[in-house]
Amino acid sequence: EGAGEMDEFPNVLANEGGLDVTQGPDGTLWVARNDGGTVFYQAPDEEATDLLKVKSVFPRRGPESGGGLLTIYGQKLFGPGGTPAVSVGGTPCTVNSTKTYIDVNGREAQWVKVILPSATGTVDVTVSYNDKSSTFSGGYRYITGQQSLLGIGKIYLVGADSDTDISLLQD
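Now for a quick tour of the structure. All values derive from a computational prediction rather than experimental measurement. (Residues numbered from 1 in each chain as written. Predicted model: local features only at pLDDT ≥ 70, side-chain atom pairs only at ≥ 80, totals over all residues. Heavy atoms only, no water.)

1. Focus: the environment of Arg107
Consideration 1: Mapped onto the fold, Arg107 is located in the loop between strand E10 (94-102) and strand E11 (108-115).
Consideration 2: Along the backbone, Arg107 and Gln75 are 32 residues apart, and their C-alpha atoms lie at a distance of 9.2 Å. (Helix = DSSP H or I, 4+ residues; strand = E, 2+ residues; numbered from the N terminus.)

Shown next as structure tokens:
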């Protein structure tokens, strides 16, 4: 569920009439509220901003041969002048570039671009910096037989319909 949304849970506090705090699946603290015999847990509206956290990657899949660029989005992925350590499927990656920016919510965010190693299957993406790390479980999937289109130049799509599955990788 998204931040600030309410989740209904079994009636565990109905007879207690009290307030409870528990840890959510992402490690944040959630507040329980007893509302007429139904207990709701509310996630915080804002995420902790001092923790290294991988939030997403792009693209989510690509060729087994590797060599393409993977962009990892998150917060506190690196510090001023620092370069994080990144692994995809447990294999260390070469960091191509990094950037700090302000996201759509007005919060500081960062991305890291790495060169993908060759591998197979669905793998985790891990970023480490200054003894902290965050893993995006199952964040990247290697596709058998897919070719990277990097370095080709212009790409023209002719005759495709809505059922065509197309994955373009770009740097």
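2. So, the pairing of E11
Consideration 1: Within E11, six of the eight residues are buried, leaving the element largely enclosed by the surrounding structure.
Consideration 2: In this sheet, E11 lies alongside strand E7 (residues 69-75) in antiparallel orientation, the contact comprising six bridges. Residue Leu70 lies in a different strand from E11, and its bridge partner there is Val114.
Consideration 3: As defined by bridge partners, E10 adjoins E11 across eight bridges and the pair is classed as antiparallel. The residue of E11 that forms the bridge with Tyr101 is Ala109.
Consideration 4: Here E10 hands over to E11 after five residues, with Gly106 in that stretch at a positive phi of 80°. (Buried < 20%, exposed > 50% of the residue type's maximum accessible area, 1.4 Å probe, protein only. Pairing = 2+ DSSP bridges.)

3. Description of unusual backbone geometry
Consideration 1: A cis geometry characterises the amide bond from Phe58 onward to Pro59, with omega recorded as -5°.
Consideration 2: Position of Pro59 relative to the elements: it lies in the loop between strand E5 (53-58) and strand E6 (61-63).
Consideration 3: Here Lys76, not a glycine, exhibits a phi torsion of approximately 55°, which is positive.
Consideration 4: By secondary structure assignment, the location of Lys76 is in the loop between E7 and strand E8 (85-88).
Consideration 5: Relative accessible area serves as the criterion here: at 39%, Lys76 is assigned to the partly exposed category.
Consideration 6: Of note in the backbone geometry, Asn130 takes a positive phi value of approximately 50° without being a glycine.
Consideration 7: With respect to the element layout, Asn130 can be found in the loop between strand E12 (121-129) and strand E13 (132-143).
Consideration 8: Asn130 gets classed as exposed once you look at its relative accessible area, which sits at 58%.

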